[in-house]
Each structure stands twice: as structure tokens, then as C-alpha cells.
Amino acid sequence: MTLVTDLTSRKADTAAPLIDPLADRWSPRAFDPAAVIETETLRTILEAARWAPSANNSQPWRFIVARRGTAAFTKLHDAMAGFNQAWADSAAVLIANVAETVDAEGRERPWARYDLGQAVAHLTVQAQHEGLHTHQMGGFDAKAIHQAFGLDDALEVVSITTIGALGDVDRLPEVLREREVAPRQRKTLDEFVTVGE
């Protein structure tokens, strides 16, 4: 068995000091298929999402939380693109991240997707703090998830998050194994920050 931590450090080489959960966060695909996330730990991760900022404090996020081995997990897994199905079945939990894009009065919520992103970011950092790892993905059939869970038209499935413990890299297909251990790279601050004078 080869764990990615045996092969290379995944800690970000940052240009400024960051807190550990941010510097240590990365998106693995090799998850331990036997790992279980305790209920209280999962509640803590979701509590972090609960306290994310949102426009007018509307909190327009909804989460479909599915533990491995449940019918809900199978529904989410079946809706994924084959590329993601190849590895996501080993995650302990799948979460469909859903934005409520229209309020109860039928008014559009233009910041719903942004607010959901903030909530997912909070969830991700808390999971990392708890010693777990997450991987976000967009390769899925949103319509299939809508139908499988009977979602209202005001709800939009935006992404899926996998959560779990690191697993055996050797279980991944070769192309994914290569990605798992490739050096982490990011643009420099100068490439995306504009400072107005």
C-alpha cells in the first residue's frame, strides 16, 4: 500500500504564512474505503458551513449528505461522470452542494451560488482541521440528482464534495495516480491581484 504522504509532502509552498488547514489542504482522489466519519465530526464540519457569510444572511445553501453504503450515496455516485465514479466510491461521505436560487416569494437570489461557495469553503477548511480531506467536483448529472432527491425547481445542484481519509494511491487508475503525486502549483499573487492606486 502506498499513501500519498509516503511519496511527497502536499503542504503548500506559500508566499505568505497561512494557518495549517489552508496550507495543508489539497484534493486527493485516493480515499480509504474502510474509513468512517463519526457523526459528531460530520456535524462539526456542517456547522462550519452553517456559519459562513451570506447576502442578507439568507443562507441559501442546502446539502444532501450521503454516507458510503447508503441509498443516497448510491444515487449521488450513479449521477457522477464515469471519471469521478472511478475513485469517489471510496470516500466516506458525498455531499451534493445545492444553491437556493429563488426565495419563498419567487424573487431571484443572485448571490446564492457565491454564498454556497463560501459555505463549502468553510466546510472544506473545517474538514481539513478535523484530519480529513475533501475533493470538489463538477462532473455529474444535475438533472439526475434533482430527480433522485425530488428537488424543487428553486434548487440548483452546483457541485459535489467528497470527504474521507487518505487511502491507497495504488488503487487508483494510472492516470489518476500520476495526478495524485504531481507537484502542487498555483499562480503567483501578481498574476491575479490588481492593486488600485
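Residues numbered from 1 in each chain as written. Predicted model: local features only at pLDDT ≥ 70, side-chain atom pairs only at ≥ 80, totals over all residues. Heavy atoms only, no water.

Formed by 24 residues in total, the largest nonpolar core has its most connected members in Ile64, Leu76, Trp87, Leu94, Ile145 and Val157. Elements supplying a minimum of two residues to this core: strand S1 (61-67), helix H4 (71-78), helix H5 (82-88), strand S2 (93-100) and strand S4 (155-164). Ignoring anything within four residues of it in the chain, the contact list for tryptophan 87 reads Pro28, Arg29, Phe31, His135, Met137, Thr162, Leu172 and Leu176. Formed by 18 residues, the second largest nonpolar core is a distinct cluster that contains Ile45, Trp61, Ala92 and Ala119. (Core = buried A, V, L, I, M, F, W, Y, C linked by side-chain atoms within 4.5 Å. Buried < 20%, exposed > 50% of the residue type's maximum accessible area, 1.4 Å probe, protein only. Helix = DSSP H or I, 4+ residues; strand = E, 2+ residues; numbered from the N terminus. Contact = heavy atoms within 4.5 Å.)

All right, on to the packing of aromatic side chains then. Describing an aromatic ring pair means giving the distance of the ring centres and the angle of the ring planes. In total, this model carries one aromatic pair according to the counting rule given. It is lysine 75 that lies over the ring of phenylalanine 149; its NZ or CZ is 5.3 Å from the centre. (Phe/Tyr/Trp six-rings, centres within 6.5 Å; stacked < 30°, edge-to-face > 60°. Lys NZ or Arg CZ within 6 Å of the ring centre and 35° of its normal.)

This part is about the pattern of salt bridges. Any two side chains of opposite charge can pair, so long as their charged atoms come close to each other. Under the counting rule described, the total for this entry stands at eight salt bridges. The salt bridge partner of arginine 109 is glutamate 100, with a shortest N-O separation of 2.2 Å. Glutamate 100 gets classed as buried once you look at its relative accessible area, which sits at 17%. Notably, a salt bridge pairs glutamate 156 with arginine 113, separated by 2.8 Å at the nearest N-O pair. Of this pair, glutamate 156 sits in strand S4 while arginine 113 is found in helix H6 (residues 112-129), placing the two residues 43 residues apart along the sequence. (Salt bridge = Lys/Arg side-chain N within 4 Å of Asp/Glu carboxyl O.)

As a further point, take H4. For H4, the full list of buried residues reads Phe73, Leu76 and His77. In a view along the axis of H4, the buried residues occupy a sector of 100 degrees, so they form one face of it. Across from the buried face of H4, at angles greater than 90 degrees, the exposed residues are Ala71 and Asp78. Residues of H4 that are buried make contact with S1, H5, S2 and helix H7 (142-149). (Arc of directions from axis to C-beta.)

It is worth stressing that arrangement in space is one thing and function is another; only the former is reported here.
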